[in-house]
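Structural features, examined
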Amino acid sequence: MSPIKARTAEAVALVQGQDPMRGIMMLREILKEDSNNVEAHWQLGLFSVQSGQYDKAIDRFRKVLELDAEGYPDAWFYLGRTYATIDSTELAIANLKKYRTLTQDTAIIHGVDRFLVELENEKH
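Residues numbered from 1 in each chain as written. Predicted model: local features only at pLDDT ≥ 70, side-chain atom pairs only at ≥ 80, totals over all residues. Heavy atoms only, no water.

**What to know about helix 2 (residues 20-33)**
Taking 1.5 Å per residue as the helical rise, helix 2 with its 14 residues ought to reach 20 Å, and the 20 Å between its terminal C-alpha atoms agrees with that figure. Of the positions making up helix 2, those classed as buried are Gly 23, Ile 24, Met 26, Leu 27, Ile 30 and Leu 31. The buried residues of helix 2 all sit within an arc of 160 degrees when viewed along its axis, so they share a single face. Those residues of helix 2 that are exposed and aimed more than 90 degrees away from the buried face are Lys 32 and Glu 33. Of the surrounding secondary structure, the elements contacted by the buried residues of helix 2 are helix 1 (3-16), helix 3 (38-50) and helix 4 (54-68). (Helix = DSSP H or I, 4+ residues; strand = E, 2+ residues; numbered from the N terminus. Expected span 1.5 Å × (residues − 1). Buried < 20%, exposed > 50% of the residue type's maximum accessible area, 1.4 Å probe, protein only. Arc of directions from axis to C-beta. Contact = heavy atoms within 4.5 Å.)

Structure below.
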């Protein structure tokens, strides 16, 4: 494992464990060194959602998709969900429809379909 991957893994463990702010600071430091570190952007995006910082989450997930859409297909889902949270229904629907094409898991597809129906109903 490369040193930057090891530091990223340590930062994620801190965010998910006893010292979230220290982990976030480590992830930000990693991005200062490597602005295209997809895992750091992904983790900061997830934490931004958890902390209600939706604009930051959207920026992070868009960056993840720009850098490695194939490696992080769930970013489409989180982007759609985050757009739905801030009432950007059209963007939510578009991102969720894209995510739906990328998964083979029928349970996930059914869940996304239910979410899409709710969003379509809100729209009308």
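Here the narrative resumes.
**Some points on the layout of surface pockets**
Counted as a void, the largest pocket has a volume near 150 Å³. As for the largest pocket, its lining consists of Met 21, Ile 24, Arg 28, Leu 44, Phe 47, Ser 48, Ser 51, Gln 53, Lys 56 and Arg 60. When contributions to the lining of the largest pocket are tallied by element, the ones reaching two or more residues are helix 2, helix 3 and helix 4. A breakdown of the residues in the lining of the largest pocket according to their chemical character gives four nonpolar, three polar and three charged. (1 Å grid on protein atoms, 1.4 Å probe; cavity = no way out; pocket = protein on both sides within 12 Å on 5 of 7 lines; lining within 4 Å. Points joined across faces, edges and corners; volume = space filled by probe spheres on them. Nonpolar A, V, L, I, M, F, W, Y, C, P; charged D, E, K, R; others polar.)

**A closer look at the side chain of Thr 8**
Along the chain, Thr 8 falls in helix 1. Take Thr 8: its relative accessible area is 4%, and that puts it in the buried class. Filtering out sequence-adjacent residues up to four positions away, Thr 8 remains in contact with Leu 27, Ile 30, Asn 37, Glu 39 and Ala 40.

**Points about the packing of helix 6 (residues 89-100) against helix 7 (residues 106-123)**
In the contact formed by helix 6 and helix 7, the axes pass within 10 Å of each other and the chain directions differ by 160 degrees. With respect to their mutual orientation, helix 6 and helix 7 come out roughly antiparallel. Handedness of the crossing formed by helix 6 with helix 7: left-handed. Contact residues: helix 6 offers Thr 89, Glu 90, Ala 92, Ile 93, Leu 96, Lys 97, Tyr 99 and Arg 100, while helix 7 offers Ile 108, Ile 109, Val 112, Asp 113, Phe 115, Leu 116, Leu 119, Glu 120, Glu 122 and Lys 123. (Axes fitted to C-alpha atoms, helices over the stretch in contact; angles between N-to-C directions. Parallel < 35°, antiparallel > 145°, perpendicular 65-115°, else oblique. Left-handed = near helix turned anticlockwise from the far one by under 90°.)

**Side note on the environment of Asp 34**
If you trace the backbone, Asp 34 turns up in the loop between helix 2 and helix 3. Between the alpha carbons of Asp 34 and Glu 66 there is a distance of 15 Å; along the sequence they are 32 residues apart.

**Regarding the packing of helix 2 against helix 3**
Between two packed helices, what matters for the description is the angle formed by their axes and the separation of those axes. Put simply, helix 2 and helix 3 touch, their axes get as near as 9 Å, and they point 145 degrees apart. Judged by the sense of rotation from one axis to the other, the crossing of helix 2 with helix 3 is left-handed. Judged by residue contacts, Pro 20, Ile 24, Leu 27, Arg 28, Ile 30 and Leu 31 of helix 2 engage Ala 40, His 41, Gln 43, Leu 44 and Phe 47 from helix 3. Among the residues making up the contact of helix 2 with helix 3, the classes are represented as eight nonpolar, two polar and one charged.

**Re the pattern of salt bridges**
Within this structure, the stated rule accounts for four salt bridges. In this structure, the salt-bridge partner of Glu 33 is Arg 7, at a minimum N-O distance of 3.0 Å. Taken together, the positions of Glu 33 in helix 2 and Arg 7 in helix 1 put the pair 26 residues apart, joining distant regions of the chain. Residue class for Glu 33 comes out exposed when judged on its relative accessible area of 52%. Across the pair Lys 32 and Glu 29 runs a salt bridge, and its minimum N-O distance is 3.5 Å. You can see Lys 32 and its partner Glu 29 sitting in helix 2, three residues apart, about one turn around the helix. Residue Glu 29 is classed as partly exposed on the basis of its relative accessible area, which comes to 40%. (Salt bridge = Lys/Arg side-chain N within 4 Å of Asp/Glu carboxyl O.)

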